[in-house]
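Okay, here's what each chain looks like letter by letter:
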Amino acid sequence: MKYPALKMDTKVIRDNALVISKMLRTQGIRLVGVAKSTACHPAVVRALLSGGASAMGDSRVENLARVREAGYRGETILLRAPSWSRCQETVEVADISLNSDVGTVHRLGEAALALGKSHKVVLMVDMGDLREGVLLNDALSVARQMAGVPGIRLAGVGTNWGCYGGVMPSRALLEALVSLKGDIERTLGIGLDIVSGGNSTNINMLLDRSLPKGVTELRLGESILLGTEATQRRPVPGCRQDAFTLMAEVIEVLAKPSKPMGQIGQNAFGVVPEFPDRGIRRRAICSVGRQDIDPDGLVPLDPGVSILGASSDHLILDVEEAGSALGVGSVLSFRPNYSALLRASTSAFVEKVVVSQ
């Protein structure tokens, strides 16, 4: 095996998906699987689908194209509104896209007509997180404009939580979204199929069954892939947290001072670092860096190993307590969080290894 490597256990992913999809079904909600933190790796997509996902969503047109190329013929959803230059590609690979701009929807409609297709859009509504979406008071007017675009079918409304502002979902806000769906249907005389209620930030509401009736789907990635909810990263009951392991090879082990010597300026990332003086310590370097991972998102699995920091290409570790067996050529393992998983998955320098235990 070549290192660094990201090991992906598809059985854990499938089993986690089965647990969560069952909870969703009992509340009349469908699972939209989101594998964007693995760049829609085909094995991960298959695991999500076998675990109960009824559609696949991703924020990147390229990743949805990858899903199609792998043979998936089910429903695909573009989770980030397409840029104008990518509208035709969007219609080619996505059945549905999430949108807030009427001009973009017009371009999607033109592309759909040119391809002889009808493209579905979900109107995104900003319920407070201040990422994408129109404000609630403007949503009916925008919906009317979108519904009149040739080549477009307004399929529903949706919202997002937590990804920018950290705002958590509430029953009252989701009830307002469901109510908006009814207002649009009555005012425009159309039926909407979708109320897309959010993401892994909604898991606690799913667990305590406080999601209001009328929410039709959740877009879930982290809660399945990592087995944690996205507000405090607590484990989801019945799910495992060990689907992914980052493995990196040691390329240097030396005893060195714990505090750099000389005048300190900015490091490679524009930060003036500070270091406690712990004397001479045994240190190791692994051949992986910030270009490949988020060092703050890794938890060492080997005893006696702690992360000191990273440059672009080097992960620097304190291994004073790790024992003499650790040396150059040793392979160390780490559990990645969402940020570290995302970066490792998109790095061309990290080998992707699929296992099914």
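Residues numbered from 1 in each chain as written. Predicted model: local features only at pLDDT ≥ 70, side-chain atom pairs only at ≥ 80, totals over all residues. Heavy atoms only, no water.

A. Spatial organisation of helix α5 (residues 102–114). Here α5 is 13 residues long and its end C-alpha atoms lie 19 Å apart, about the 18 Å a rise of 1.5 Å per residue gives. Of all the residues in α5, the buried ones are V102, T104, V105, L108, G109, A111 and A112. Buried positions along α5 lie against α4 (87–93), β5 (96–99), β6 (119–126), α6 (139–147) and β8 (152–158). Between the side-chain oxygen of the N-cap and the backbone nitrogen of G103 there are 3.1 Å, and the N-cap of α5 in question is D101. Note on α5: the residue one or two positions beyond its end, G116, has a positive phi of about 70°. (Helix = DSSP H or I, 4+ residues; strand = E, 2+ residues; numbered from the N terminus. Expected span 1.5 Å × (residues − 1). Buried < 20%, exposed > 50% of the residue type's maximum accessible area, 1.4 Å probe, protein only. Contact = heavy atoms within 4.5 Å. Polar contact = N/O pair within 3.5 Å; in protein donor to acceptor, adjacent residues only side chain to side chain.)

B. Structural view of the packing of helix α1 (residues 10–26) against helix α2 (residues 42–50). Running from N to C, α1 and α2 point in directions that differ by 30°, and their axes come no closer than 7 Å. Between α1 and α2, the crossing angle belongs to the class labelled roughly parallel. As for how α1 packs across α2, the hand of that crossing is right-handed. Here T10, I13, R14, A17 and L18 of α1 come into contact with α2, specifically with A43, V44, A47, L48 and S50. By residue class, the composition of the contact of α1 with α2 is 7 nonpolar, 2 polar and 1 charged. (Axes fitted to C-alpha atoms, helices over the stretch in contact; angles between N-to-C directions. Parallel < 35°, antiparallel > 145°, perpendicular 65-115°, else oblique. Left-handed = near helix turned anticlockwise from the far one by under 90°. Nonpolar A, V, L, I, M, F, W, Y, C, P; charged D, E, K, R; others polar.)

C. A look at the environment of I203. Looking at the secondary structure, you find I203 in helix α8 (residues 203–207). For the pair formed by I203 and V236, sequence separation is 33 residues and the distance between their alpha carbons is 8.0 Å. In contact with I203, other than residues within four places in its own chain, are L220, S223, E229 and V236.

D. The arrangement of the nonpolar core in detail. The biggest cluster of nonpolar side chains holds 83 residues, and the ones touching the most others in it are I13, I20, L48, L123, F244, L315 and L317. Here the element with the most residues in this core is α1; it accounts for 6 residues. Beyond its immediate stretch of four places on either side in the chain, L317 contacts R282, R283, A284, C286, V305, S306, I307, L308, L332 and F334. Ranked by size, the runner-up nonpolar core spans 11 residues in total, among them A55, I77, M124 and A155. (Core = buried A, V, L, I, M, F, W, Y, C linked by side-chain atoms within 4.5 Å.)

E. Fine view of the environment of L48. Within the secondary structure, L48 is located in helix α2. A C-alpha to C-alpha distance of 9.9 Å links L48 and K11, two positions 37 residues apart in sequence. Among residues more than four places away in sequence, those in contact with L48 are I13, A17, G33, V34, A35, A53, M56, I224 and L225.

F. Spatial organisation of the pattern of salt bridges. Per the counting criterion, the structure on display carries 20 salt bridges. The residue E89 makes a salt bridge to R86 at a minimum N-O spacing of 2.6 Å. For E175, the salt bridge goes to R171, with nearest N and O atoms at 3.0 Å. One end of the pair, E175, and the other, R171, are both in helix α7 (residues 171–188), 4 residues apart, so they sit about a helical turn from each other. Residue classification places E175 among the partly exposed positions, given a relative accessible area of 37%. We classify R171 as partly exposed; its relative accessible area is 38%. Ionic contacts of the salt-bridge type, sharing partners, join the residues R278, R281, D318 and E321 into one network. (Salt bridge = Lys/Arg side-chain N within 4 Å of Asp/Glu carboxyl O.)

Function cannot be inferred from these measures alone, as they are strictly geometric.
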